[in-house]
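The lines below spell out each chain.
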Amino acid sequence: MESITQRRKSGINLPSTMSETSLRLDAFSSPPSTKRTTTNLASSPMSNRSPRTISNLSSSPSSKSTSCSDRFIPCRSSSRLHTFGLVEKASPAKEGTNDAYSRLLKSELFGSDFDCFSSPAGTKGASSPMSPSKNMLRFKTENSGPNSPFPPSVLGHTDNSLSIEVSTPPKPLRKVPKTPHKVLDAPALQDDFYLNLVDWSSQNVLAVGLGTCVYLWTASNSRVTKLCDLGPTDSVCSVQWTREGSYISIGTSLGQVQVWDGTQCKKVRIFGGHQTRTGVLAWSSRILSSGSRDRNILQHDVRVPSDFVSKFVSHKSEVCGLKWSHDDRELASGGNDNQLLVWNQRSQQPVLKLTEHTAAVKAITWSPHQCGLLASGGGTADRCIRFWNTTNGNQLNHVDTGSQVCNLAWSRNVNEIVSTHGYSQNQIMVWKYPSMSKVATLTGHSLRVLYLAMSPDGQTIVTGAGDETLRFWNVFPSVKTPAAVKDTGLWSLGRTHIR
């Protein structure tokens with residue numbers, strides 16, 4: 001009780017194991033001196049304050065004293081300054097500096113433990129003085145220690161670096177609606193792999209060959225117009241609009257090629273020359289090319305009176321794919337002989353013969369983004385989409401789709417490709433080029449998706465199948481806003497009739 005009373009009188013609450021005599025204040029006079037006086041903290045007047053240090057904070061006066069400041073100074077050795085990028089890598093321009101002085105300066109400024117994060121002494125490129133122009137507060141993630149729940153491979157740590165660069169997550173793929181926004185009934189739409197019965201003009205009019213007739217469907221008002229009827233002895237095998245969208249060519253089962261004015265529904269020209277059905281057509285700026293079961297490709301010019309101006313003969317079976325390049329310099333043709341041929345107008349023989357496909361080549365498309373880049377798709381026994389450089393004939397890439405490739409179309413708005421398929425899944429697939437990662441897989445047709453056309457704005461595709469339906473899908477973004485495509489509401493949902 002006596003010790004408690006004494007501590008209360010002194011006005012200081014001390015632990016029971018510590019006496020007042022164990023807490024001493026060392027006072028120093030202004031001039032340097034080797035002598036010093038010891039004053040009791042309780043009896044020191046407030047008016048005679050001088051610079052002070054607490055020289056003994058132990059319970060025993062005989063123990064070794066530890067000198068420390070009377071204000072808090074953080075321990076730099078435990079402050080993890082290396083986390084903020086304070087360790088500077090040596091540069092060749094600073095190799096001639098005084099390394100010993102630099103290490104001593106860092107040790108005095110940041111503590112002795114700071115040197116453990118610098119380069120070892122005596123090695124090339126040792127630590128150098130800190131540069132004031134460094135971004136000192138550039139935060140870096142600290143390496144995971146032995147007790148970290150994450151292995152270094154997860155955090156991306158490397159052996160020769162204390163910091164890591166956190167990579168941004170990959171951009172998610174664009175979302176594509178999984179269902180068609182409109183379905184048209186197309187009675188008598190043939191289930192024939194070698195025909196091409198659907199095409200969409202630049203004036204937003206869809207042409208469809210149904211049996212012996214060709215119908216025009218205007219997308220802006222859903223109006224259906226019957227263009228022509230070939231009669232009971234003939235049938236429609238192919239349709240193709242000119243690039244301007246005013247005239248349409250029709251290939252028939254009798255081997256004729258007819259040209260019609262789509263706005264006035266008037267026949268303009270009839271070309272002969274084929275012995276049997278004309279299953280594929282392709283327009284350049286001035287030339288109309290036609291491929292037939294007779295294995296020939298004819299070049300028609302509406303400015304001259306003759307049926308054709310040239311004939312390309314090289315395929316050994318029916319020609320089922322034709323496509324002009326966007327610059328009109330090359331014509332690609334595919335046939336039932338598994339060949340993909342590339343022609344130009346200066347030669348009667350193909351400049352390239354590409355024979356890697358193992359089935360009929362109907363699906364052909366040229367890249368609108370890169371000159372000389374051609375894509376082709378093979379039939380049931382092949383199932384592959386292949387990419388070619390027509391400048392040198394090299395195959396750039398190929399991907400096995402798992403099913404028959406019926407059509408290919410390259411988007412003008414983005415560098416993506418849409419493919420339609422037959423056996424066995426009857427799906428529509430959107431691919432990102434050149435990675436060929438799948439953007440979307442669309443299903444809905446019950447039979448092979450044999451027909452494909454793209455809207456003039458490049459956002460919508462229409463697909464046709466032997467299930468006698470035409471389905472409209474929003475798959476590509478617009479040119480100005482590469483975002484997820486939404487239904488425009490231009491056409492109402494539901495099913496209507498094409499005729």
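**Structural notes on the sheet that holds strand E19 (residues 340-343)**
Next, step 1: The four strands are arranged E17-E18-E19-E20 in an open sheet whose pairing can be described as antiparallel. Edge positions in the open sheet fall to strand E17 (319-324) and strand E20 (352-354), since each of these has one partner strand only. If you compare each strand with its neighbour and ignore which way they point, the axes differ by 15° on average.
Next, step 2: Looking at chain direction, strand E18 (residues 331-335) and E19 are connected through four bridges and run antiparallel.

**Points about the confidence of the model for the protein chain**
Next, step 1: A residue-level look at the protein chain finds 64% of positions with pLDDT of 70 or above and a mean pLDDT of 79.
Next, step 2: Contacts from residues 27-64, a stretch scored under 50 in pLDDT, to residues over four places away or in other chains number 45 contacts.

**Observations concerning the pattern of salt bridges**
Next, step 1: According to the stated counting rule, one finds eleven salt bridges in the structure shown.
Next, step 2: With a closest N to O distance of 3.1 Å, Arg277 and Glu318 form a salt bridge. With Arg277 in the loop between strand E12 (266-271) and strand E13 (278-283) and Glu318 in the loop between strand E16 (310-313) and E17, this residue pair connects regions lying 41 residues apart in the sequence. Here the two residues Arg277 and Glu318 agree in accessibility, since each one is buried.
Next, step 3: Ionic pairing is found between Lys432 and Glu416, a salt bridge with its closest N-O pair at 3.2 Å. One end of the pair, Lys432, is in strand E27 (residues 428-432); the other, Glu416, is in strand E26 (residues 416-421), with 16 residues separating them in the sequence.

**Side note on a nonpolar patch on the surface**
Next, step 1: A surface patch of nonpolar side chains, about 300 Å² in accessible area, is lined by Tyr101, Leu105 and Leu109.
Next, step 2: With respect to the helices and strands, the residue Leu105 is situated in helix H2 (residues 99-110).

Calculation notes
Residues numbered from 1 in each chain as written. Predicted model: local features only at pLDDT ≥ 70, side-chain atom pairs only at ≥ 80, totals over all residues. Heavy atoms only, no water. Pairing = 2+ DSSP bridges. Helix = DSSP H or I, 4+ residues; strand = E, 2+ residues; numbered from the N terminus. Axes fitted to C-alpha atoms, helices over the stretch in contact; angles between N-to-C directions. pLDDT = per-residue confidence, 0-100. Contact = heavy atoms within 4.5 Å. Salt bridge = Lys/Arg side-chain N within 4 Å of Asp/Glu carboxyl O. Buried < 20%, exposed > 50% of the residue type's maximum accessible area, 1.4 Å probe, protein only. Patch = residues over 30% accessible without salt bridge, like charges linked within 9 Å, V, L, I, M, F, W, Y side chains within 5 Å. Areas by Shrake-Rupley, 256 points an atom, 1.4 Å probe, with all protein chains shown as cover.

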